[in-house]
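# Residue-level structural notes
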Amino acid sequence: MKYTQLGRTGLKVSRLVLGTMNFGPQTDETTSHGIMDAAHAAGLNFVDTANVYGWGENKGRTEEIIGTWFAKGGDRRDKTVLATKVYGGMADDGEPWPNHDRLSAVNIRRAVDASLKRLQTDYIDVYQFHHIDRSTPFEEIWQAIDVLIQQGKILYAGSSNFPGYKIAQANELAARRGMVGLVSEQCLYNLAERRAEMEVIPAAQEYGLGVIPWSPLHGGLLGGVLKKEAEGERRKDGRSASALERTEVREQVQAYESLLDKHGLAPGEVALAWLLTRPGVTGPIVGPRTQAQLDSALRAVELDLSEEVLTGLDEIFPGPGPSPEAFAW
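These lines cover the structure that appears in this document, whether it is placed above or below.

Cut-off values and rules
Residues numbered from 1 in each chain as written. Predicted model: local features only at pLDDT ≥ 70, side-chain atom pairs only at ≥ 80, totals over all residues. Heavy atoms only, no water. Pairing = 2+ DSSP bridges. Helix = DSSP H or I, 4+ residues; strand = E, 2+ residues; numbered from the N terminus. Phe/Tyr/Trp six-rings, centres within 6.5 Å; stacked < 30°, edge-to-face > 60°. Lys NZ or Arg CZ within 6 Å of the ring centre and 35° of its normal. Salt bridge = Lys/Arg side-chain N within 4 Å of Asp/Glu carboxyl O. Buried < 20%, exposed > 50% of the residue type's maximum accessible area, 1.4 Å probe, protein only. Expected span 1.5 Å × (residues − 1). Contact = heavy atoms within 4.5 Å. Polar contact = N/O pair within 3.5 Å; in protein donor to acceptor, adjacent residues only side chain to side chain.

## Considering the sheet that holds strand S7 (residues 154–160)
- The eight strands are arranged S9-S8-S7-S6-S5-S4-S3-S10 in an open sheet whose pairing can be described as parallel. With partners counted over all chains shown, the strands left at the sheet margins are strand S9 (210–214) and strand S10 (285–286), one partner each.

This is the structure in C-alpha cells:
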C-alpha cells in the first residue's frame, strides 16, 4: 500500500479509503468484518463512514458494525484512521424532531457522542460535515468543533459536498479563530463527472485540503458495465442505468471500454488509478461489497497508466477546464 499526507496535516493515510456505506444494507456484519480485516492486511488504514449509514430505520447500523470490529481488539482501532460524518437527520423518519440534523452546535454535540458510542471508541480522527448548512453560521460550527477538539473527541474536521466558496469561507474564519480548519473534502469526482476540477479541487489545493473522491466508478458506469451487460449480467438501477439511456453517454462508455480492452486493462481499476494521478487527490473511496471487489481496488494502487492511455481517457472524458477560463475568456 502507498501512503500520503492528508492535505496539509501530518496524518499519513492510505491512497485508498475504505468506504463502508454497504455495511449493513448490503453486506452483513461477518462479511463486513472480513473485508475490514483484509483491508488492514493490505495496509489500507483509512476508513470512512457516516452516522446515517444503514439508512431508514437502521440509521447508525454501519457505525455499529465498525464498532463491533474495533471491539475485537488486535490494535484494530489504533491502526485505523477513522472518519465519520454529521448532518443527516437521526431522529425517527416518521416523526422527526427539530435539532436532530444539520450543523447546529447542539446537534454536533449530540451526534458526535452518539457516533462514539456506536463506534465503540473515544475519539474520531476526521469528523466531517456531510453537507453545507445554509442556516448555521461557521462561527457556531467552529465553536462546537473547537470544544470537541479540546475534549479529545475529534482530531480534525473535514467537509463533504462543499462548493469551493464554502471551503474558502470556512477556512478563512477558522484561521481568524486560530484553528486548523478543514483538512479534507469529499466530493463527487471521477472520469465521467469532472466538474469538481473547476472550483472545488482548486479551492481544496489552495487551502491545503486533501481531496477524497466518492463514487469513483460513477455508480458502476466506469466499471465495465457494457461488457457485463453483453455477458448477460443484469445492469443495476441508479446512476449507471439512467445515464446509459442517453446515446452520447453510451457512446462514451463504449469508447472507454474499447480503449481499455485494447490495452488489456480492467475498467474499474483504471477509473481508480486515474484518480490517483490527479492533482490534490488523497485517495478515492472504494465501497466493496465483497472480498473480490476489494482485491480489484487494491490492484489499482499499483497500476501505472501510460501516457497513451491517459491521453485517450482525456479525449473520451474531457474535463471542464480551469476556472474562470472554462466559462469566460
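## Focus on the packing of aromatic side chains
- Scanning all chains against the criterion turns up eight aromatic pairs.
- Directly above the aromatic system of phenylalanine 70 lies the positively charged group of arginine 77, at a separation of 5.4 Å from the ring centroid.

## Concerning the pattern of salt bridges
- What the rule picks out here adds up to 15 salt bridges.
- Here glutamate 29 makes a salt bridge to arginine 61, at a shortest N to O gap of 2.7 Å. Here the residue glutamate 29 occupies a position in helix H1 (residues 29–41), and arginine 61 occupies one in helix H2 (residues 61–70), the gap between them amounting to 32 residues.
- Owing to a relative accessible area of 26%, glutamate 29 belongs among the partly exposed residues under this scheme.
- Note on arginine 61: relative accessible area 27%, which makes it partly exposed.

## Some details on H1
- Given a rise of 1.5 Å per residue, 13 residues ought to cover 18 Å, and the 18 Å separating the end C-alpha atoms of H1 matches this to within 8%.
- Ser32, His33, Ile35, Met36, Ala38, Ala39 and His40 are the residues of H1 that are buried.
- On its buried face, H1 sits against strand S3 (17–19), H2 and helix H11 (291–301).
- The distance from a side-chain oxygen at the start of H1 to the backbone nitrogen of threonine 30 is 3.4 Å, and the residue carrying that oxygen is aspartate 28.
- Glycine 43 occupies a position one or two residues after H1 and carries a positive phi of about 95 degrees.

Spatial relationships are all this shows, so hold off on functional conclusions.
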